[in-house]
Amino acid sequence: MKPLLLKHPLPPLQEIGSVSNLGATVLTGDPNVGVAMIFGQPTDSLSCGVFSCTRGSFAMEYPFAEHATVWQGTATLTDESTGESVHYQPGDAWFVEQGRKVHWEITCDRFVKHYLAVVSG
C-alpha cells in the first residue's frame, strides 16, 4: 500500500518541463509539469502517480482514460466536444475517457492531482 495523505508531503516530483513534452498544445503562459510515478510507467496500460503543473492553459487529447483527484490548487477543464466546463479545487475528482479532447486552464501558481490512468486498445 502506498498512502497519499492530504496535508502531508508529496513524493518528490521529477520536473518534465513544458506540458508540450507530454503531447499537449500550449495556449497561454508557460505551463510546466512535474510527475511522481506511484505505480507503473506512463507507457504501461495501467499507471498512477502525482502530476503538477504551473499556471497557464493547454489543450490535449487524452491518450488514456483517467480518474483524477485534485490535491492542491485550482483548474478549469473544458470538454471540447460538449463545451462543458468545470472548475476543480482540492478534493474534487473527475473521470475522462481515452481520446477525449480537453482544454485545461490552470488558475493558480501550482496545481497538483493524483491520477489513475488506463490505456485500452
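Scroll up to find the structure this text is about.
Residues numbered from 1 in each chain as written. Predicted model: local features only at pLDDT ≥ 70, side-chain atom pairs only at ≥ 80, totals over all residues. Heavy atoms only, no water.

Draft legend 1. Representation of the overall build of the protein within the structure. Helix and strand counts for the protein come out as zero helices and nine strands. Start at the N end of the protein and walk to the C end: the helices and strands fall as β-β-β-β-β-β-β-β-β. Radius of gyration (C-alpha) of the protein: 13 Å, near the 14 Å computed for a compact globule of 121 residues. Expressed as lengths along the three principal axes of its C-alpha atoms, the size of the protein is roughly 40 × 35 × 25 Å. Among the 121 residues that make up the protein, the fraction classed as buried is 40%. In the protein, of all internal contacts separated by at least 6 residues, the share reaching a separation of at least 24 is 63%. With an accessible surface of roughly 6,800 Å², the protein has 56% of that area assigned to carbon and sulfur atoms. (Helix = DSSP H or I, 4+ residues; strand = E, 2+ residues; numbered from the N terminus. Rg over C-alpha atoms; globule rule 2.2 N^0.38 Å. Buried < 20%, exposed > 50% of the residue type's maximum accessible area, 1.4 Å probe, protein only. Contact = heavy atoms within 4.5 Å. Areas by Shrake-Rupley, 256 points an atom, 1.4 Å probe, with all protein chains shown as cover.)

Draft legend 2. Spatial organisation of unusual backbone geometry. Unlike most non-glycine residues, Lys-7 shows phi in positive territory, near 65 degrees. Its location among the elements puts Lys-7 in the segment before strand 1 (14-18).

Draft legend 3. Region of the structure containing the packing of aromatic side chains. Taken as a whole, this structure holds six aromatic pairs when the rule is applied. Their ring planes at 85 degrees and their centres at 5.6 Å tell us that Tyr-62 and Phe-64 sit as a pair that is edge-to-face. Take Tyr-62 and Phe-64: they sit in the same class, and that class is buried. Following the ring pairs from residue to residue traces out a cluster consisting of Phe-51, Phe-58, Tyr-88, Trp-94, Trp-104 and Phe-111. (Phe/Tyr/Trp six-rings, centres within 6.5 Å; stacked < 30°, edge-to-face > 60°.)

Draft legend 4. Local environment of the environment of Pro-12. For Pro-12, the position within the fold is in the segment before strand 1. Overall, Pro-12 belongs to the exposed group, its relative accessible area being 75%. Sequence-wise, Pro-12 and Val-50 are 38 residues apart; in three dimensions their C-alpha atoms are separated by 9.3 Å. Not counting residues within four places of it along the chain, the set of residues in contact with Pro-12 comprises Val-35 and Ala-36.

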